Amino acid sequence: MHETMDMADDPEYDEEEPSFSDSEDFVDDIEEDELLSDLMKEKPLEADGIDSVVVVDNVPQVGPERLEKLKNVVNKIFSKFGKITNEFWPMDNGMTRGYIFLEYLAPTQAQEAVKNADGYKLDKQHTFRVNVFTDFDKYMNISDEWETPEKQDFKDFGNMRHWTEDADCRDHFSVIYESGERTAIYANDAKESITVEERARWTETYVRWSPKGTYLATFHQRGIALWGGEKFKQIQRFSHQGVSLIDFSPCERYVVTFSPLMDTKEDPQAIIIWDILTGQKKRGFHCESSAHWPIFKWSHDGKFFARMTQDTLSIYEAPSMGLLDKKSLKIFGIKDFSWSPGDNVIAYWVPEDKDIPARVTLSQMPTREEIRVRNLFNVVDCKLHWQRNGDYLCVKVDRTPKGTPGVVTNFEIFRMREKQVPVDVVEMKEGIIAFAWEPNGSKFAVLHGESPRINSSFYHVKNNGKIDLIKSFDKQQANSIFWSPQGQFLVLAGLRSMNGALAFVDTSDCTMMNIAEHYMASDVEWDPTGRYVCTSVSWWSHKVDNAYWLWTFQGRLLQKNNKDRFCQLLWRPRPATLLGVEEIKVIKKDLKKYSKIFEQKDRLSQSKASKELVDKRRGMMEEYRLYREAAVQTLLEQKDLRLELRGGVDTDELDSNVEDWEEETIEFFINEEIIPLGDL
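What counts, and at which threshold
- Residues numbered from 1 in each chain as written.
- Predicted model: local features only at pLDDT ≥ 70, side-chain atom pairs only at ≥ 80, totals over all residues.
- Heavy atoms only, no water.
- Helix = DSSP H or I, 4+ residues; strand = E, 2+ residues; numbered from the N terminus.
- Buried < 20%, exposed > 50% of the residue type's maximum accessible area, 1.4 Å probe, protein only.
- Contact = heavy atoms within 4.5 Å.
- Areas by Shrake-Rupley, 256 points an atom, 1.4 Å probe, with all protein chains shown as cover.
- Pairing = 2+ DSSP bridges.
- Axes fitted to C-alpha atoms, helices over the stretch in contact; angles between N-to-C directions.
- Phe/Tyr/Trp six-rings, centres within 6.5 Å; stacked < 30°, edge-to-face > 60°.
- Lys NZ or Arg CZ within 6 Å of the ring centre and 35° of its normal.
- Core = buried A, V, L, I, M, F, W, Y, C linked by side-chain atoms within 4.5 Å.
- Polar contact = N/O pair within 3.5 Å; in protein donor to acceptor, adjacent residues only side chain to side chain.
- Salt bridge = Lys/Arg side-chain N within 4 Å of Asp/Glu carboxyl O.
- Patch = residues over 30% accessible without salt bridge, like charges linked within 9 Å, V, L, I, M, F, W, Y side chains within 5 Å.

*Asks:* Let's hear about the overall build of the protein: which residues, and what values?
*Replies:* Across its full length, the protein carries 8 helices and 43 strands. Of all 680 residues assigned to the protein, the portion counted as buried reaches 39%. Here the analysis covers contacts within the protein between residues at least 6 apart in sequence; of these, 44% occur between residues at least 24 apart. Approximately 43100 Å² of the protein is accessible, and the part contributed by carbon and sulfur atoms is 50%.

Structure follows, in C-alpha cells:
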C-alpha cells in the first residue's frame, strides 16, 4: 500500500506557487464583445420583444361583468393581423383604464395592426388609436420648437384625363397582340387609328382599364402596376405574388387583387384591398375559390362592398374596411346578391326551403331596412339584372309550374323609382339565351328559343304599369346582346360557334339596319360614345384569322385590322359627363344645328387628310434634294484624292481619257459541228 503525503507538508517541496493576479499598473484593454463575441451576440437587448407590442387606446372602460365579452371582440379584430402571444389589460378600481397592450409573434404583424386598425371605429363613442410601443420614446422626445417639415418632391404625372380634351373627341383603346408580347394604345379615327403609346412586354397576361379610364392596370408575376397621364407613366404598383385577377371600386379609390397562391391563417393574402393613391394595403382576406369573380361587389359610390359566404352576407364599409355595424347578415341559403348601380340598395335571393317559398329581398344600406320582399314559388333558379341607372331590376325566374312539363321563365320587373316598388311580370315559355337592359332607357331585349329557331324580342316598360312587346325577329343567328352605351342601338351577335353573325338594330322603330358577318368573332366591344363598335377574333380563343374590325353603329365596316396573334381589345372608359339632365336635353334639341357644324368639319378633315399627304410628299422630296446636294458636294471635295489614288485617271465620267484607250480583239473557240455530206 502506497503512502500519500501532502506536497505542502513535504520539506523537500519548496517550489513557489505561481500568481495569477494582475499587476497594479495593468490596464485591461480587451472589450467583452471581443473576448466573448459569440456569447455576447446572444445577450438579450433591453428593447427585445417590445417592437412586437402595440398599445391600443380608446378601448371601452368596462367592469368585470363585460370584460370577457370585450376581450373576445378585441381579439377577433386584432387576431386578423397575426398571432397574439400576450395581452395586458390595466385595471383601476375594477374597471379597465381605456387602453391595452397586445404582443404579436413578430414585429411585422404589429406594424400591420397599426396600419390597418388605427382609426378603426368600434362604435359611435370609441375609435381605436393604435401605436407600436417603441414609438412612445419617439413621441416623448419630440422637440417643443417648431421644425419646418422637409418639402416632398411633387410627382407630376401630367393631365390624368387628357384624352377627354381631344379636339376631335377621339377615344382610346388598348390592343394586345403577338400573343401578349406587345401592347399598344390607339386613338380611334374612322380612317386610321393613331398610335398613342406602344411597348414590348408591357404586361405578362392582359390589361384592365379603371372604371373612369384614369388608370391602365398591367399584370406581372410580382404584382400589379398602374399607368396613366399623357405619357403613361407608372403611377403606382402593388406587390402581390402570383396575382391573376383584379377589380376596381367604382370611385377608383381602391383596387382589389387576387392571387391563387397559398396564404397563412395568421396573415390572409389571397385577396388584398389596396388604396390606389397611397399604395397602402388596406386589408387582406382569405379566399378558397375565385370561380365567381369578383368575390367582393361594390356599391355604386364605393362606400360599401360585400361578399357572400355560406348562409352569410358580409357588408363592409370604406375606408375602415370593417364590417358594417360589426356584424354580418345571417341569410339561410342565400344564392346570389347584387348592388343597385344607382343607389345603396342591395338585392339578394333565397331558394325554397320545404314549405317556405323562395324570395327576393331589396335592402337599403346602411340601415338594412327591407324596402321590398317578393315571394316566388316552384323556383329552379334566379338571375338578377339591374338597369344601368338603377331604375329597374329584372329578376329572371326559372320555374317548374305544377302540372306543366319543362321549365317556364318569368321576368319579374321591379320599378325602383315608384312607391312601394311595384312588380310587373313577363312570362316566356321558351328557353332564354340572353337578356339585356337598354343602358339609359326603359327597354330590354331577349333572345329566346333553340337553334336554329332563335327569336329576338324587344319590350318597353311603360309608366302606366304595362310592359309592351315592341317587336320580334325570328330565325336569328345570335347568342349575345350588346347595347350601345347610349342606348337605342344594339348588336345581336352569334359569337364563336355561330360563326360571327352580326345584326345591327335600331330599337326606336325596331329596324334591322344591317346584317353582316365577322367569321369566328369572339368579342364585341362598343366605344364609350356609342358611335363605333369593334368585333374581334382573339388568339386566346381561336388561333387563326386574328384581327379586329371597326364598324359604325349602323353596321358599316370602316376598318379591318389584322394583327399577328391578336389577343385583346378594350375601349378606355370615359368619366361621367359634367352636364346636367336639362343641359343634355337642350343639346339634343339643337342637335340639327350642331350636326351641320360636324358635317362641315368632316369635309375639312377629308381635305386636310389629302393636304397632309401632299405636304408629307413635299417634305420627303425636300429631304432628298438636300441629301443629294450634300452628297454631290462631298464627291467634288474628294476628287483630287481619287485622281491621286488612280494615277491621274478620272473615272468620274464613263467617256473620260478616250485617247488613252487601246482596242484589243479576242477570239475564242465556242463550238464545232461536223455534218457528213453523204446524208444530204
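*Asks:* So what about the sheet that holds strand β28 (residues 392-399)? Which residues, and what values?
*Replies:* Reading across from one edge, β27-β28-β29-β30 is the order of the 4 strands in this open sheet, with antiparallel pairing throughout. Sheet topology places β27 (379-386) and β30 (423-428) at the edges, where each strand pairs with a single neighbour. For this sheet the average axis-to-axis angle between neighbouring strands, irrespective of direction, equals 20°. Summarising the sheet, strand β29 (residues 408-415) and β30 pair through 6 bridges and their orientation is antiparallel.

*Asks:* Explain the packing of aromatic side chains to me, using residue names and the numbers behind them.
*Replies:* Applying the stated criterion across every chain yields a total of 35 aromatic pairs. The interplanar angle of 15° and the centroid separation of 6.3 Å between the aromatic rings of phenylalanine 304 and tryptophan 339 together place this pair among those described as stacked. Placement of the pair is phenylalanine 304 in strand β19 (residues 304-309) and tryptophan 339 in strand β23 (residues 336-339), with a sequence separation of 35 residues. Accessibility expressed as a relative area gives 7% for phenylalanine 304, which makes it buried. Grouped by ring-pair contacts, the aromatic residues Tyr254, Phe285, Phe296, Trp298, Phe305 and Tyr316 constitute a single cluster. The positively charged end of lysine 560 is found above the aromatic ring belonging to tryptophan 549, 4.4 Å away from the centroid. Between arginine 572 and the ring centre of tryptophan 163, over which it is positioned, the NZ or CZ distance is 3.8 Å.

*Asks:* Describe the nonpolar core, naming the residues involved and giving the relevant values.
*Replies:* Soluble globular proteins: nonpolar side chains tend toward being buried together. With 27 residues, the main nonpolar core has Ile224, Leu226, Phe238, Ile246, Phe248, Val255 and Ile276 as its most contacted residues. Listed by contribution, the elements that provide at least two residues to this core are β10 (207-209), β11 (216-220), β12 (223-228), β13 (233-239), β14 (245-248) and β16 (271-275). The greatest single-element share of this core, amounting to 4 residues, is contributed by β12. Leu70, Ile100, Tyr120 and Val132 belong to the second-largest nonpolar core, a separate cluster that totals 24 residues.

*Asks:* For helix α4 (residues 107-117), give the residues involved together with the corresponding values.
*Replies:* Buried residues of α4: Gln109, Ala110, Glu112, Ala113, Val114, Asn116 and Ala117, and no others. Where α4 is buried, its residues touch β1 (53-57), α3 (64-78), β5 (99-104), β6 (129-132) and β17 (281-285).

*Asks:* Lay out the pairing of β17 in plain terms, naming residues and giving numbers.
*Replies:* With 4 of its 5 residues buried, β17 lies for the most part within the structure. Bridge count between β16 and β17: 4 bridges; the pairing is antiparallel. From the neighbouring strand, tryptophan 274 faces β17, where its bridge partner is lysine 281. Linking β16 back to β17 in an antiparallel pair, the connection comprises 5 residues, with glycine 279 at a positive phi of about 80°.

*Asks:* Explain unusual backbone geometry to me, using residue names and the numbers behind them.
*Replies:* The step from methionine 365 to proline 366 runs through a cis peptide bond, and the omega angle for that step is 10°. Topologically, proline 366 is positioned in the loop between β25 (358-364) and β26 (369-376). A positive phi angle is found at cysteine 510, which is not glycine, with a value near 55°. Structurally, cysteine 510 can be placed in the loop between β37 (501-506) and β38 (511-517).

*Asks:* Give me the lowdown on the environment of serine 508, citing residues and values where you can.
*Replies:* Turning to its location among the elements, serine 508 is positioned in the loop between β37 and β38. Note on serine 508: relative accessible area 49%, which makes it partly exposed. Separated by 65 residues in the primary sequence, serine 508 and lysine 443 place their C-alpha atoms 9.9 Å from one another. Among the polar contacts made by the side chain of serine 508, one reaches the side chain of glutamine 488 at a distance of 3.5 Å. A distance of 2.8 Å separates a polar atom in the side chain of serine 508 from a polar atom in the side chain of aspartate 506.

*Asks:* Run through the pattern of salt bridges, naming residues and quoting values.
*Replies:* With the rule as written, the count across this model stands at 25 salt bridges. Here arginine 170 makes a salt bridge to aspartate 168, at a shortest N to O gap of 3.2 Å. The salt bridge involving aspartate 275 is made with arginine 253; its shortest N-O contact spans 3.1 Å. Linking aspartate 275 in strand β16 with arginine 253 in the loop between β14 and β15 (254-258), this pair joins segments that are 22 residues apart in sequence. Here the salt bridges share partners, and the residues they tie into one network are Asp166, Asp168, Arg170 and Asp189.

*Asks:* Explain a nonpolar patch on the surface to me, using residue names and the numbers behind them.
*Replies:* Together, Leu579, Ile584, Ile587 and Leu591 give the surface a local cluster of nonpolar side chains, amounting to about 300 Å² of exposed area. In this fold, isoleucine 584 is placed in helix α6 (residues 581-589).

*Asks:* Can you explain the environment of isoleucine 584? Please cite residues and give values.
*Replies:* For isoleucine 584, a relative accessible area of 31% translates into the label partly exposed. Those residues in contact with isoleucine 584 that lie beyond four places of it in its chain are Thr577 and Leu579.

*Asks:* Which residues make up the sheet that holds β17, and what are the values?
*Replies:* What holds strands together in a sheet is hydrogen bonding between their backbones, with the strands either parallel or antiparallel. Taking strand neighbours across the sheet as the criterion, the 4 strands line up as β14-β15-β16-β17 in an open arrangement whose pairing is antiparallel. Unpaired on one side and paired on the other, β14 and β17 mark the two borders of the sheet. Strand after strand, the sheet turns through a mean of 20° between neighbouring axes, direction not considered.

*Asks:* For the side chain of histidine 240, give the residues involved together with the corresponding values.
*Replies:* As for its position among the elements, histidine 240 is in the loop between β13 and β14. Once residues within four sequence positions are removed from consideration, histidine 240 is found in contact with Gln221, Arg222, Gly223, Thr257, Phe258, Ser259, Gln269, Ala270, Ile272 and Trp274.

Bear in mind that shape data such as this cannot, by itself, settle questions of function.
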